[in-house]
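# Residue-level structure breakdown
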Amino acid sequence: TQLLEQSPQFLSIQEGENLTVYCNSSSVFSSLQWYRQEPGEGPVLLVTVVTGGEVKKLKRLTFQFGDARKDSSLHITAAQPGDTGLYLCAGDRGKGGKLIFGQGTELSVKP
Amino acid sequence: GAVVSQHPSWVICKSGTSVKIECRSLDFQATTMFWYRQFPKQSLMLMATSNEGSKATYEQGVEKDKFLINHASLTLSTLTVTSAHPEDSSFYICSARDRTRSNQPQHFGDGTRLSIL
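I will try to describe carefully the structure that is included in this document. (Residues numbered from 1 in each chain as written. Chains lettered and ligands numbered in written order. Predicted model: local features only at pLDDT ≥ 70, side-chain atom pairs only at ≥ 80, totals over all residues. Heavy atoms only, no water.)

## Some remarks on the side chain of Thr105 of chain A
For Thr105 of chain A, the location among the structural elements is in strand E11 (residues 105–110). For Thr105 of chain A, the contacting residues outside a window of four places in its chain are Gln6, Ser7, Pro8, Gln9, Val21, Gly85, Leu86 and Tyr87 of chain A. (Helix = DSSP H or I, 4+ residues; strand = E, 2+ residues; numbered from the N terminus. Contact = heavy atoms within 4.5 Å.)

Listed below in structure tokens is the structure:
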């Protein structure tokens, strides 16, 4: 059973397009993190959302945490080839510190 | 910022060899570290939680005798893949949480690419 459903799992778009990645769960999380990972490297933290309804922006990236703290989204505006990578959401249920990862979204932005 | 160092970054060895991977927190202490396994273009799969001074907690389906974890100090955890076989080839990643900042996210190492011939 996948506790954190991430979609889409693969996304190939042209430079300049917008996209949204979703993470959904039936569980409540104390916080949720978004990571970006490049091949052969560890995940790099983009943002942590904690409060229900919270919206955070990081340049062209907008992150939102659902009101009930069960879901989150990542929206990228005017995607660039440098945005290419694996995007991971991970929920923290606050029990033992374990993170629950979504399946990941492999994003390819073509010039 | 907080840094987690993982060593080696890449290892190639023959089938039957045991391989040790180190995970170090460089500027903070971690009572808990986590070991993940990742296949190409897939997400991270938690293998075990490494607890300083006590036994590791393994996730369901992970063989504890195959993947030995030792967390002897507050800055070092090791994962030993015993008698490795080609099916053990994968990308292994560790993470650690600053014990003085429990509300902060985990910090990840850069991973170890393990290739068993």
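Now, onward.
## Section: the sheet that holds strand E1 (residues 5–7) of chain A
All names here are of chain A. Spatial strand order, E1-E3-E8-E7-E6: five strands in an open sheet with antiparallel pairing. Taken across any chain shown, the strands that pair with only one partner, and hence form the sheet edges, are E1 and strand E6 (55–58). Neighbour-to-neighbour, the strand axes of the sheet open up by a mean angle of 15°, direction not taken into account. In terms of strand pairing, E6 meets strand E7 (residues 61–65) through four bridges, oriented antiparallel. (Pairing = 2+ DSSP bridges. Axes fitted to C-alpha atoms, helices over the stretch in contact; angles between N-to-C directions.)

## Things to note about the pattern of salt bridges
Summed over all chains, the structure comprises eight salt bridges over all chains. Of the charged contacts in the structure, one is a salt bridge between Lys98 of chain A and Glu59 of chain B, with a shortest N-O distance of 3.1 Å. Of the two residues, Lys98 of chain A sits in the loop between strand E9 (85–92) and strand E10 (99–101) while Glu59 of chain B sits in the loop between strand E6 (57–58) and strand E7 (67–73), which places them in two different chains. Residue classification places Lys98 of chain A among the partly exposed residues on the basis of a relative accessible area of 33%. Lys41 of chain B serves as the salt-bridge partner of Glu106 of chain A, at 3.8 Å between the closest nitrogen and oxygen. One end of the pair, Glu106 of chain A, is in strand E11; the other, Lys41 of chain B, is in the loop between strand E4 (32–38) and strand E5 (44–51), on a second chain. When its relative accessible area of 56% is taken as the criterion, Lys41 of chain B is described as exposed. (Salt bridge = Lys/Arg side-chain N within 4 Å of Asp/Glu carboxyl O. Buried < 20%, exposed > 50% of the residue type's maximum accessible area, 1.4 Å probe, protein only.)

## Some words on the packing of aromatic side chains
Summed over all chains, the structure comprises seven aromatic pairs over all chains. Ring geometry for Trp34 of chain A against Phe63 of chain A: centres 6.4 Å apart, planes inclined by 50°, an arrangement best described as tilted. Placement of Trp34 of chain A in strand E4 (residues 31–37) and of Phe63 of chain A in strand E7 is noted, with a sequence separation of 29 residues between them. Each member of the pair Trp34 of chain A and Phe63 of chain A is classed as buried. Summarising the aromatic geometry, the rings of Phe101 of chain A and Tyr36 of chain B are spaced 5.5 Å apart at their centres and angled 85° between planes, so their arrangement reads as edge-to-face. Of this pair, Phe101 of chain A sits in strand E10 while Tyr36 of chain B sits in strand E4, placing the two residues on different chains. With respect to burial, Phe101 of chain A and Tyr36 of chain B carry one shared label: buried. (Phe/Tyr/Trp six-rings, centres within 6.5 Å; stacked < 30°, edge-to-face > 60°.)

## Some points on a nonpolar patch on the surface
Residue and element names in this part refer to chain B. Residues Trp10, Ile12 and Leu117 make up a contiguous nonpolar surface patch of about 400 Å² in total accessible area. For Ile12, the position within the fold is in strand E2 (residues 10–13). According to the relative accessible area criterion, Ile12 is exposed, its value standing at 53%. (Patch = residues over 30% accessible without salt bridge, like charges linked within 9 Å, V, L, I, M, F, W, Y side chains within 5 Å. Areas by Shrake-Rupley, 256 points an atom, 1.4 Å probe, with all protein chains shown as cover.)

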